[in-house]
Structures are given as C-alpha cells and as structure tokens.
Amino acid sequence: MAKPPVIDGSRRGLDWAAIAFVAGVLLNIDRVPVWTPIAALIFVVWRLMAASRSLRLPGTPLRSVLALALVAGVAVRFHTLNGLSAGTALLLLMGGVKLLETRTQRDQFIVVGAAVFLLLAACLDRQNIVRAPLYLLHAWLCCAALAVVSYMPSASSTATRLGFDNRAALVLAARSLVFSLPLAILLFVFFPRLPGAFWAIPRSDEALTGLSDTMSPGSISQLTTSYEVAFRAHFEGSPPPPQERYWRGPVLHEFDGYTWKRTARSLARMEPLQYLGPEYHYRIALEPSAQRWWFSLDTVTGSPGPKAFFTYDYQLVSSEPVTETTNYTLVSHTSTRATVQLSQQSRRYDTRLPNDRNPKSRELAIKMRNSEGSDGAYVSAVLNYFRTGGFEYTLTPPRLGFNSVDDFIFNTRLGFCGHYASAFVSMMRAAGIPARVVTGYLGGEWNPIGRYFIVRQSDAHSWAEVWLEGRGWTRIDPTAVVEPERLNRGILDLLPNAVSAPARFVWRQPWLSSLLQRWDAINTWWNDRVVKFSYDDQLRLLERLGFTSPGAQELGWAFGAGLVGWLLWIAWHVGRSGTRVRPDRLARSYMALCRKLDRAGLTRQTHQGPIAFAGDLLQQRPDLEPVHSLLQRYSELRYGRPEPGAAAKVRDFERAVSRLTVSARA
Amino acid sequence: MKLSLMRTRLRARMARWIRKRQGPDSLPLTLARRRLYILPTRTGVGFCLLLVLMLVAGLNYANSIALFLTFLLTGFTLVTMHQCHRNLLGAQLVGATAQPTFAQRDGTLSLAFENSSAVARFQIAAGVGDAPTIPADLPANGFGRVELSVPAPKRGIVQVDRLHLITTHPFGLFRAWTWVHAPIEMLVYPRPHGLLPMPADYGNKSGERSLINAGADEWLGLRPFRDGDSPRQVDWKAYARDAPLLVKEYSAAGAELRIFDFATLGKLGTEAQLEQLARWIVDAESNGERYGLKLPNRFIKPDHGAEHRHHCLAALALVGLEDTSRGEASSH
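Each chain carries its own residue numbering, running from 1 in the written order of its sequence. Written order determines the labels here, with chains lettered from A and ligands numbered from 1. Since the coordinates come from a predicted model, pLDDT governs what is reported: local features require at least 70, and pairs of side-chain atoms require 80 or more to be given and counted, while whole-chain, interface and lining totals use all residues.

A. The arrangement of the overall build of chain B in detail. Here a strand is any run of E in DSSP of at least two residues, a helix any run of H or I of at least four, and the numbering for each starts at the N terminus. Scanning chain B from terminus to terminus reveals eight helices and 17 strands. Out of the 332 residues belonging to chain B, those deemed buried represent 41%. Whether two residues are in contact depends on their C-beta atoms, placed from the backbone: they are in contact if these lie within 7 Å. A separation of at least 24 residues holds for 66% of the contacts in chain B among residues at least 6 apart in sequence. Exposed residues have 12 or fewer other C-beta atoms within 10 Å of their own C-beta, buried residues have 20 or more, and partly exposed residues fall in between, where C-beta atoms are placed from the backbone.

Right, here's the structure in full:
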C-alpha cells in the first residue's frame, strides 16, 4: 500500500474534533483533578483561536515540554500512571496536546479517537441510568465528528454549494446509529460474557461508608447520618415481619473494655443448627463498600455460592472486597436451635472480659445472676434493668471514659445501639454466659414500586447474641427494649435531628420521598437488568425464548441467526436508498419518444437537453416538425411554471407520443 | 528500494488483472456492484482496534454500558460500510472530455457524473491512474463535475489509461473504489515556440509586416482569453481593474492572408518546425489574420476562427502519427 497523501484537515473538521473532545472531557470532568480538564479546555481554546489566526500555535519544543510537564504532573498527583483516574487524566491532557498540533485530517481523526476513549473511561467509571443517555449522546457526537472530519470540501467541484453541512452530518450519524441499534441489542443479549476479569485496574481510593470490623461506642452513630444505600433486598414471597428484619454483618468477639473487634479464629467449628420457622428466599444487591461483608437476613441456610464463605459464627464474607454492586441470592431462617453443646473453647472465648476494666458492672452482673434461677431469667432481668433504669435512646450521647461500660450503666445512661449492645454483652460475659456483639442493619424502607427493601447506612444497628442452654445462640436486642419503636420505624423517624439536613428534608416531603422511591426502583431495574446482565441472564432469556436447556451452542446459533438477519436488513435498507427513483409519467413518455427517435436513427446525445435536441433534429430532418413541437411541449411541462390542469396535459403528451410514428428517412 | 519496486510491480499486476476482469468500458457508465471494491481505510482499521479495546475492557470489567456502546459502534461500522458502498454504487460517469492542450502544460480532463438516485452522493472523488483524487458532490437526481489535470509532456495524443473513482464518505472508515477503463484521449498541440518572423502576407506583395505593427489594425473589441493567446494581446489594464483576462481582438477585414508552410522551416527539425508553426498559428489567430497551413501530405485552406485554429493545431499535433487515423486529423 502506498503511503496515503497527507491531507490538510478542514476547518470544520477541526471544530468538530474539538467538540467531540470537549464532550469527552465533560463526561469525565468530576473524576479527575480539577486542573486537568481546565488545561485540556485551554488547549482547545488555544487551537481554535489559532485556527482563526488570533493566536499562534506552540512550536514542537514547547509542545514536548508541555507534554512532559503534564505527564509529570499526573504522576505526582496520583503517584502512578496506571489506574482509571490517572489514565483518564492523562488521556484528557494528551488529547488536548494532540489537538494543539492538529493540522492534517489524520490528526483530527486521532482527536476523535481520543474522544471515544474518554467515553470508554467514563463507562468504566460509572454506569448510572442518568449517564447512559449522555454516553449515547457523546457516541452520536463522535460519529458526526467522524463524518465532518472525513468530508473534504473540494475547490474544483461544481456542486460544493450543495454542501454536507453540520445538520446533514448529525442526521446521518443519528440514522446510522439507529440502524445499528438492533445489532447492538442482539450482541448485548447474545455475546458471551466472561465469568471473571483478566486483570483489574486499581480503583481510586474512594472513601466509602459502611460497617467496619470494629465497634466502639459512638462508631455506629456516625454511620447513621448517612442516607446512602447499603443494599437492596428483593424477597420471593412474603418478607419477614418488622421484628425479624435483622441484617446480620460482622460478628465481634474481642473486647478490650472499650472497643469490640472481630476474631482471627478461623479454625473454629461451625455449630450445626436446626432451622425453625419460615424460610425466606431473597436476593441482595449490595452497594460497594470496599469491605468484605455480605449482609444477610439473620441465619443463612445453604451455600452462598462461590464468591463468599461462612465464618464459624455464620457470618458471610466475600472473597473479594465489594467494589461494585454485587448480587447474591440466599435462603435464611430467622429462628434457629443448636443441636450440640457449645465447645469448651468457644465458651471460654466468648466469655472473656478484660480483667482490669469495668469492675462495677461485673460486680453488678454477678450479683444479678446469683439472684436469678437461670441464664434465661438473668437475660430478662438485665433487659428489665435497661428498661427501668432510666436509660435513654439518643444519637448524641456523652463521651464515655476508660471504663466505658461502667460509665454508661452507672453515669450517663444515654446511648445508642452500640452502647446497649456493648454493655449487654459485657454483662452477659461477666455472668459467665457466652455472648457476642453482632453489627449489621435493622429494618429498611419498603419500596412498593420495585417491591424490595432499601436498607440505608442510617439503618446500621448492633445487637447481641447470647448462648442459652437448649436453644443455642439467641438474638437479643437490648436497644429494642429501651426504644421498642426502633423495630418498626427507621432512625429518621425516631431521631430526626440525627441525620443530615437534605435527608431530613426528603423525609418530610411525602411526595418527594415517593418520587425518590420511584426513581430508586428505576435505578434498581437498570442495575439488575442492564448493568448486571450476565451469562446466567443470557441463558435464562434464551430459555424464556423457547430454547430448552440452552448452552453456548444455542447462544451461538441464536446470535448467528440474528446477525445474518440484521445484515440482510441493513443491506436491503441502505441499498434501497441507493436505487434509482422510478421516473414519473412525463419522464417515461419522454424516454419513449427518445427511443422512437433512436430507432429512426436520431439519437439524442447524453449532453443534450430537449431544446438542444429539438434544434439538432430540425437541422437534420426539417420534415419532423411534429417531433420538434413535442419536445418543446415536454420542455414546458417539465421545466415551466406548474399550472392547473398539468396532469391532463401530461396525458395529452403521453397520447401524442404513443401515436407518433417516425420514418427512418425523410 | 527493492520493496518499492516489488510494490510497483504488484500494483501493475493488480491493475492488469482488474482490467482483464472488468473488461473495457464505454461511457455513459453506471457503476455496477460487480466492479466496486471496498476495504477499510487506515482510520477504519484504527477505529476497529479501538472497538476491540473497548470490547476487551467491557468484557474484563463485565461493564454492560461499555459493551453496549462497543456493540453499537460495531453495528455503526458495518452500517457505514454499506453506506460507503452505496455512495458509489449506481453513480454514473456520463462524460469524460479532455480539452486539447499545448505540450508541456497540464490539460484538463472534465468528468461529468450523474446521480439518478433520490439520495445525494457526496465526496465521489476521481483521479487519473494513481494520481491524487479530487472530490465532487452529486445532488439527488443531479449532476456533478470534476476537473482533473492531466500532464501533457509532448504533442500527440495522451491516452488516459484508467480512471480511479473512490469514496470514503460518509464516515471515512471505509474506502469504496472502482477503476474505469474507458477510451479517453486528450489531444496535445505542439508547444507554441519559436522566434522566426511570420512569413509574408500571401495576398500582399508589399513585404513583411512586423508582429507589432500587425496589432495596430482595426480594433474589434475584447474577447475572453484562450489558451495559447500571446500575453501581448491581453488587456492588462482591464485585468488590473478585476476584470477577467481579456484579449484585444483586431479585425480580419482587409487583413493579411498567410500560408504557413512546414517545408520552409526544413532546417529546424520536425518538432521545432511544428512548434514554430504552432506559434505562428496562435499569433495569427489572435491578430485576427487569415492563415492556411501546408504540411507535407496535407493542405488546410486559409481561414480564421477558433475552429480553424483547432484544425490547424490538431493537424500539427498529429504529424507523423496519422497512421493511427484520428478523426479530427483526416476529415478535412
């Protein structure tokens, strides 16, 4: 292949390449350091001003220095050039520098390519339903830019006035994209997806909210000010009643007198359980938290699938940190009974307390246990103590001292779920009853449109689990005793001042919250059906389309058939617009006239119009006066001012032509 | 070096094969499916690579939106392939006329296209052989013209071997093209060159008149500049006032009658003789004189006017090539 000639780009091509690029920058503008889009936009303005000759373009040395400085700037800011944000910032800046040196058509194409790249970066970053139309719009702009860049206005062409203007480019790009839509949907549905990733781009270190693996008094109340969604739960069949909606997360065993921690006991045995009560089948769509907790309704029965595992205390842990919305299906029971005794080791472990702390509460615990007949009665006594002891439920409790439990029980008596759970478990352990703190969420908002629960960070909660002989681990929520309404109502209802102002505002406007519920339902549908469309969904869809036991082969066949159908359709549709238009009646009879004359040896030259032909005829064959007048009539009918009765005249002309006979020689 | 040689050979072979495959063409010519070729352009290949990258990224991160956009743009690419093909398919090359030109100048080959479809065809570019192409836009049910310059190194007939019609419209991702092997010829007059004075007025025995004086005859008016006109006759003052190039024309009434004889210039050698004759013909015509031409095997009666000038110059162009019996040369 010979080297193609260097073609200077058109001015309009430059404008459009710049438009596409700026649109790409805008798509990514909130995910890169603020100076990068500014720099890129300055380059765009610089280039456009240079095109209208009000500014000079930088020379190669300055451009090289600029490029190096910008790469260094990105490297310093991100400490790496690998990673989505750093890569996007780099792409943005280098696209701008490329635009600065854009002269040829090829350069303009490269800038449009960079704009498409920026689209990809934006897609990898976020896939919201709100942004999807923006992405489509950007793809459209890029295609139109391709059309304009590839169009070279010609100096010698006589038809330049006809022009392929911006509007034509946009319309053409839109049409082409609409034509490709069926294929896009077909490929989207049938193109085989991969089960996992080849490699991972390091994600930016975004601060995500969520439960951590420790709990100290007050840590959960920080979380409850957040209105962000923790997860959504879709139930098959009826959902559990409000008092059973405990979403179990990290289980905390180790207590240093102030902070509860998870344990590193990985070798401990899971106690076998007997499941009681109804079975709940549900799916959870977990929002990214950068943690590894999978939340579940109380106790999970059966396997959670390959992506997560159980710890010995029936906590679900993901094998990877949750960095994107994750779906999983579970079966749960909210009531269980242990079938074996708690192992001595576990018993020892879950009754441990720091010796040097909280002496007063431990003393109280032992005293209370001694006055009760059984562990169960003791649990009731402690709960009763919380209920009647002047305790109050608040999100803004005073700070607790070194002996946090003593301080809480005997001094402040103001606390949040964390305080109650911590104090309660501490009291249990002091009396020799195995107990542990469970963190997670309580309740959730029912979305009637999408028929699912939205569980928010503000629903974060902590409670206790206590080992009772004959029953095993039993869920006890001391907070519910102090503030029974917590079971039925969210934090927002109980402590409206605790949450942020916008969330409170939304909460107080029923129409707004119903609107938001609708919006959330749409988003959930989008996430479930579009964003999370997977290989399994593909197979399920095929099954619904009537393929029994579908597999990869059926997928391939369905895809191939669709592809061939689409190709035929496109070929037919695009080809159709390229076919000749059938000439109208007047033109047809004019052609018939010309054919008659041709047979008589009088051929109209391609370049001759009817008048010129008539003049020629008159010279060659003066006897053909009627033909001459017919040609005149045709010319009037075709090019003259449209008059009423033209149709009749056309018919007359038709008739005259069919009656006409032309002799070969005069 | 060797590679470029190989490439040239390959191209020549390809050209031969295509000529054989398509057969000779005659105008008007409708571009049929069978003769259209289509391949992605460099931009198209780049775009496809971009799509592959998007696909890999989309699959790797199970990113549905990226995948959807990839598929959308894949479809778009295939659609543009059809559109590009359609842009050329069915277009008609209705005329290819080359105005005669003088040797060592570029002649102009004017191509006329017709578009009898209801959709405009943009950017139909044409070129001679492998030369760079020039685009034209054809409106729906309309015509378009491209003017190509054809180098004319020496007098005689330049055969335009093959035309290259090409389009990358609408999106520049594909290139559809065809070759046209129509018999297109361009007549090349000898270069008007030589300093010998014109032979004496044939009807007037009074002797030679200088060229300068010849211009001082009866003023007729101005006419547009024609190829070969002497710059001396151009009305430069008018040109300076933004008028087109005009040539001052003088009356032929009572004017000279000259016979330009090939044989009288015997010493110069054939080509130089022809060039000198061409010079005289051009000058005599622009002076408004009547002139005849005497060639070894042919005599053109004295006359004047554009047509006469063409006959004379064409006769000069074809001296020694007449065995090929070109129309214009032998008809008079």
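B. Looking closely at the overall build of chain A. Each helix and strand in chain A was counted, giving 23 helices and 21 strands. Burial statistics for chain A: of 666 residues in total, 36% are counted as buried.

C. Up close: the domain arrangement of chain A. Domain start and stop positions are those given by an automatic or database domain assignment. Domain boundaries in chain A define domain 1 (11-152), domain 2 (214-510), domain 3 (535-578) and domain 4 (585-659). Taking only C-alpha atoms into account, the centre of domain 1 of chain A sits 36 Å from that of domain 3 of chain A.

D. Geometry of the packing of helix α20 (residues 585-599) of chain A against helix α23 (residues 646-659) of chain A. Residues and elements named next belong to chain A. Where α20 meets α23, the axes come as close as 10 Å, and the angle between the chain directions of the two elements is 20 degrees. Looking at the two axes, α20 sits roughly parallel to α23. For α20 against α23, the interelement crossing comes out left-handed. Residues R585, L586, S589, A592 and L593 of α20 touch α23, and the partners they reach there are V650, F653, E654 and V657. Its residues assigned to classes, the contact of α20 with α23 comprises six nonpolar, one polar and two charged. Helix axes use the C-alpha atoms of the stretch in contact, all axes being lines fitted to C-alpha atoms, and the angles between their N-to-C directions lie in the range 0 to 180 degrees. Any angle from 65 to 115 degrees is called roughly perpendicular, while one under 35 is roughly parallel, one over 145 is roughly antiparallel, and all others are oblique. The sense of a crossing depends on the near helix, which, turned anticlockwise from the far helix by less than a right angle, makes the crossing left-handed and, turned clockwise, makes it right-handed. Residues were grouped as follows: Ala, Val, Leu, Ile, Met, Phe, Trp, Tyr, Cys and Pro as nonpolar; Asp, Glu, Lys and Arg as charged; and all remaining residues, including Gly, as polar.

E. Structural view of the sheet that holds strand β17 (residues 435-442) of chain A. All names here are of chain A. Read from one edge to the other, the open sheet built from five strands follows the order β9-β3-β17-β20-β21, with strand pairing classed as antiparallel. What marks the edges here is a single partner per strand, and that holds for β9 (296-297) and β21 (472-476). Pairing between two strands requires that DSSP report at least two bridges joining them. Bridge count between strand β3 (residues 246-252) and β17: five bridges; the pairing is antiparallel. Counterpart to Y246 in the pairing with β17 is L442.

F. Representation of the sheet that holds strand β11 (residues 308-310) of chain A. All names here are of chain A. Spatial strand order, β8-β12-β11: three strands in an open sheet with antiparallel pairing. Among the strands making up the open sheet, the edge pair consists of β8 (293-294) and β11. Pairing of β11 with strand β12 (residues 316-318) involves three bridges; the strand directions are antiparallel. Within β12, the residue paired with F309 across the bridge is V317.

G. Layout of the domain arrangement of chain B. All names here are of chain B. Considered domain by domain, chain B is made up of domain 1 (18-189) and domain 2 (211-330). Using only C-alpha atoms to locate each centre, domain 1 and domain 2 end up separated by 40 Å. Counting residues at the interface gives nine residues for domain 1 and eleven residues for domain 2. Secondary structure elements with two or more residues in the side of domain 1 that touches domain 2: β4 (101-102), β9 (156-160) and β12 (184-189). When residues in the side of domain 1 that touches domain 2 are grouped by element, the largest group, three residues, is from β12.

H. Geometry of helix α5 (residues 105-125) of chain A. For a helix, the expected span equals 1.5 Å multiplied by the residue count minus one. Compared with the 30 Å implied by 1.5 Å per residue over 21 residues, the 31 Å span of α5 of chain A between its first and last C-alpha is a close match. Of all 21 residues in α5 of chain A, 18 are buried, a share of seventy percent or more.

I. Broad picture of the environment of N87 of chain B. Residues and elements named next belong to chain B. Turning to its location among the elements, N87 is positioned in helix α3 (residues 64-88). In this structure the C-alpha to C-alpha distance between N87 and P170, which are 83 residues apart in sequence, comes to 8.2 Å. Setting aside its immediate chain neighbours within four residues, N87 contacts R121, T167, H169 and A176.

J. Layout of the interface of chain A and chain B. Contact with chain A, which involves 58 residues of that partner, is made by 58 residues of chain B. At the level of elements, α5, α6 (131-150), α7 (166-190), α17 (510-531) and α19 (552-578) of chain A are the ones that each hand at least two residues to the side of chain A that touches chain B. In terms of residues, the side of chain A that touches chain B owes the most to one element, α7 of chain A, which gives ten residues. For the side of chain A that touches chain B, a count of residues per class yields 40 nonpolar, 16 polar and two charged.

K. Highlighting the packing of helix α12 (residues 404-412) of chain A against helix α13 (residues 417-430) of chain A. Residues and elements named next belong to chain A. Orientation of α12 relative to α13, taken along the N-to-C sense of each, is 105 degrees, at an axis distance of 10 Å. Of the possible angle classes, the one that applies to α12 and α13 is roughly perpendicular. From α12, V405, F408 and I409 reach across to α13, where they touch H419, S422, A423 and S426. Tallied by class, residues from the contact of α12 with α13 come to four nonpolar, three polar and no charged.

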